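# Observations on chain architecture
For reference, the chains in residue letters:
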Amino acid sequence: MDSGNRNFATRGVRQARIISHAKRGIPLWSQPDVPHRREDFGNGVKRVNKRILKCCSLLLLVAICAMPVRAQQSAAPSAAPASSNAAPQDNSKAVNDKLADLEKRVSAAQSAGDNAWMLVSAALVLMMTGPGLALFYGGLVRRKNTLAIMMQSFAMMGLITVLWALVGYSLAFGGNGHFIGDFSHAFLRGVGVDPNPDYAATIPHMTFMIYQLMFAVITPALITGATAERMKFSGTVLFMTLWFFFVYAPLAHMVWGKGGLLNAAFGGKFPTLDFAGGTVVHISSGVSALVCALYLGKRTGFPKHPMPPHSLVLSFIGACLLWVGWFGFNAGSALAASGLASSAFVATHFGAAAAAVGWSVAEWLKNGKASALGAISGAVAGLVAITPAAGFVGPMPALAIGLVAGIFCYLMVTRVKALFGYDDALDAFGVHGAGGTIGALLTGVFAQQVINPIFGAGKPVGGLDGHWGQVGNQLIGIAISWGFALVGTILILKITDLVTGFRVTEEQEHEGLDVTQHGEEAYYMEM
């Protein structure tokens, strides 16, 4: 601009005029309309040149200083890549080691949790025999036979345990035959703390063995309910020993053992759904109990003379212990502390409750009142019926199974028993045989793959899934269990009767089995 903006001020024009004297270097005094003031604007070019020269000098200095650093980097061309590759490799190995350690810790925690649950479940199932079943049966008999019936349950806890340790476990779960196991685990050979992946991959093999033992203990003890008040103790020991080997062990292998004819998990020829023992435990013991009752005949004076329970209080306590212990029986059969165990736990409780209500309502409608004996009998019937279905059905089907079982078993005990006139003293067949049969059949109807995809993910399991053929498999499994228990029991009874005799004399029965078989009494009454 012109100096002091005098030229613009004299014209009164509000515009800025840019004079490019830095480019052209035109002296202002050579212009006629600019006041003559000697100011050499050409000096702007010199200033620009000086600045360019300074920038170039600075860049040159930086380049010279950087040359030694670059030379050092190029002197060791392989060192940098080696170190840069080693660092990621070290980090990757460290991460993998940490993940492997974490996986081991998680697996150990799962194994510890599963093992704890299974040990508790084993204790709960043992509690079902003693004191549960012992008190339940003990209260239902007459006072003079209390110790005798309780002793029969207790004897099974000792006798079957010894037989199981020697060869029983191997016959039930050893090998892969269709009908019975082998002697690969005789004397518990190979049964240690390492898991057996064929049956339970997260718990010690020894835990699985002891858990299955508790089922073998209670099953023959159930039969004594039909033979109560008239069976020799010596005959009981021999009969139960033979029955364990020739009825229980083969059925356990067929239904639960690897390669078994009825095993659903291992692809048996007739896959029968039995989560916790509807066929193996209840049908086998119930049918055998009926055969024993028919073979022994009626108690002296039955049914002319009333033979009421001597203590319903004992039976009530025993039934409550059975209910609690049954959670280990059914939920423990998941063989892990898992969601399946929770499902089986809920189904067990709902089935027992619905059956107790069903039996009580039926009794109330017939007699005008609901009895305590009826309520506890109904609860046990529901527990029996839900046993094969516990790990395959949801809560609502469990209620349905329990309700049907309660009414059905009530009719078996009050109507069918009177119709045929057999003396099933404590209704072992009416509750266990009938309840196990109806429960196994309804399992085929209500089983769902969303609860337990035993045949594979997405494959239908029972009738609710559209697989109605499973009902046919259940009928085959029921028929085989019935037939095996029926024939086996008859043969064993014949052998037992020839060796030791089976029934006490009429005089011994009249005096009572507590004194005649064990030389003691449950109650000493002072006169």
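The structure displayed is predicted, hence computed values, not measured ones. Within each chain, residue numbers correspond to sequence positions counted from 1 in written order. Where local features are concerned, this predicted model is filtered to residues with pLDDT of at least 70; where side-chain atom pairs are given and counted, the filter is 80 or more; whole-chain, interface and lining totals use all residues. Side-chain figures throughout are based on the complete set of non-hydrogen atoms in the structure, without hydrogens or water.

Under this scheme, a helix contributes an axis fitted over its contacting stretch, all axes are lines through C-alpha atoms, and angles between N-to-C directions fall in the 0 to 180 degree range. Runs of E in the DSSP output that reach at least two residues are strands. Runs of H or I that reach at least four are helices, and both are numbered from the N terminus. Where helix H7 (residues 233-256) meets helix H14 (residues 469-499), the axes come as close as 9 Å, and the angle between the chain directions of the two elements is 155°. As far as their axial angle goes, H14 and H7 are roughly antiparallel. The way H7 lies across H14 gives a crossing that is right-handed. Residues Gly 235, Leu 238, Phe 239, Leu 242, Trp 243, Phe 246, Val 247, Pro 250, Leu 251 and Met 254 of H7 form the contact with H14, whose participating residues are Ser 481, Phe 484, Ala 485, Gly 488, Thr 489, Ile 492, Leu 493, Ile 495, Thr 496 and Val 499. Three classes are used: nonpolar for Ala, Val, Leu, Ile, Met, Phe, Trp, Tyr, Cys and Pro, charged for Asp, Glu, Lys and Arg, and polar for all others, with Gly counted as polar. Looking at side-chain class alone, the contact of H7 with H14 contains 15 nonpolar, five polar and no charged residues. If an angle is under 35 degrees, it is roughly parallel; if it is over 145, roughly antiparallel; if it lies from 65 to 115, roughly perpendicular; otherwise it is oblique. Helix crossings get a hand from a simple test, with the near helix turned counterclockwise from the far one by less than a right angle marking a left-handed crossing and a clockwise turn marking a right-handed one. The criterion used for residue contact is that any of the two residues' heavy atoms lie within 4.5 Å.

How two helices sit against one another is set out by the angle between their axes and by the gap between those axes. Two elements in contact, helix H13 (residues 428-446) and H14, have axes whose closest approach is 7 Å; the angle formed by their N-to-C orientations is 155°. In terms of axis orientation, H13 runs roughly antiparallel to H14. Taken as a pair, H13 and H14 cross one another with a handedness that is right-handed. Note on element contacts: H14 touches H13 through Gln 470, Val 471, Gln 474, Leu 475, Ile 478 and Trp 482, opposite Phe 429, Thr 437, Ala 440, Leu 441, Thr 443, Gly 444 and Val 445.

Another point: helix H11 (residues 372-386). Residues spaced three or four apart along an α-helix point in a common direction, a consequence of the helix completing one turn every 3.6 residues. With 15 residues, H11 should cover 21 Å at 1.5 Å per step; its first-to-last C-alpha distance of 21 Å lies within 8% of that length. Between buried and exposed lies partly exposed: a residue is buried under 20% and exposed over 50% of the maximum accessible area for its type, with that area taken using a 1.4 Å probe on protein chains only. Burial analysis of H11 places twelve of its 15 residues in the buried class, the great majority of the element. A helix is expected to reach a length of 1.5 Å times the quantity of its residues less one.

What follows concerns the packing of aromatic side chains. Centre distance within 6.5 Å is the pairing criterion for rings of Phe, Tyr and Trp, where only the six-membered ring of Trp is used; planes under 30 degrees apart are then read as stacked, over 60 as edge-to-face, and the remainder as tilted. Under the criterion given, the structure shown has 23 aromatic pairs. Ring centres of Phe 327 and Phe 345 lie 4.0 Å apart, and the angle between their planes is 5°; on these two criteria the pair is classed as stacked. Residue Phe 327 is located in helix H9 (residues 312-330), and its partner Phe 345 is located in helix H10 (residues 339-367); the two are separated by 18 residues in the primary sequence. What makes Phe 327 buried here is its relative accessible area of 11%. Arranged with centres 6.4 Å apart and planes meeting at 75°, the rings of Tyr 422 and Phe 429 form a pair that is edge-to-face. Each member of the pair Tyr 422 and Phe 429 is classed as buried. Joined through ring pairs, the aromatic side chains of Trp 164, Tyr 169, Phe 173, Tyr 199, Phe 208, Phe 244, Phe 245, Tyr 248 and Phe 266 make up one cluster.

Cis geometry is adopted by the peptide bond preceding Pro 131, which originates at Gly 130 and carries an omega value of 15°. Considering the arrangement of structural elements, one finds Pro 131 in helix H4 (residues 79-140). Geometrically, the link from Phe 302 to Pro 303 is a cis peptide bond, its omega value of 0° lying close to zero. Inspection of the secondary structure puts Pro 303 in the loop between helix H8 (278-296) and H9. One non-glycine residue, Leu 335, lies in positive phi territory at about 60°. Position of Leu 335 among the secondary structure elements: in the loop between H9 and H10. Among the residues examined, Leu 335 registers a relative accessible area of 15% and is labelled buried.

For the rest of this paragraph, the subject is the side chain of Ser 315. You can see Ser 315 is positioned in helix H9. Note on Ser 315: relative accessible area 0%, which makes it buried. Polar contacts here mean pairs of N or O atoms no more than 3.5 Å apart (in protein, one a potential hydrogen donor and the other a potential acceptor; neighbouring residues in sequence count only if both atoms are side-chain atoms). At 3.0 Å, the side chain of Ser 315 forms a polar contact with the backbone oxygen of Phe 136. What Ser 315 contacts, discounting residues up to four positions off in sequence, is Leu 135, Phe 136, Gly 139, Leu 140 and Ile 376.

Here the focus is the confidence of the model for the protein. Per residue, pLDDT captures the predictor's confidence, and it can take any value from 0 to 100. On average, the protein scores 88 in pLDDT, and the residues at 70 or more come to 83%. Per-residue pLDDT stays below 50 along residues 34-42; that stretch engages in 14 contacts with residues further than four places along the chain or on separate chains.

On to the pattern of salt bridges. We count a salt bridge whenever a side-chain nitrogen from Lys or Arg sits within 4 Å of a carboxyl oxygen from Asp or Glu. Tallied over the entire structure, the rule returns eight salt bridges. As a salt-bridge pair, Arg 142 and Glu 229 come within 3.2 Å of each other at their nearest N and O atoms. Placement of Arg 142 in the loop between H4 and helix H5 (146-173) and of Glu 229 in the loop between helix H6 (205-223) and H7 is noted, with a sequence separation of 87 residues between them. Relative accessible area serves as the criterion here: at 19%, Arg 142 is assigned to the buried category. Exposure remark for Glu 229: the relative accessible area of 5% places this residue in the buried category. The shortest N-O distance in the salt bridge between Lys 417 and Asp 427 comes to 2.9 Å. Here Lys 417, found in helix H12 (residues 395-420), pairs with Asp 427, found in the loop between H12 and H13; they are ten residues apart in sequence, far enough to count as distant. For Lys 417, a relative accessible area of 14% corresponds to the buried category.

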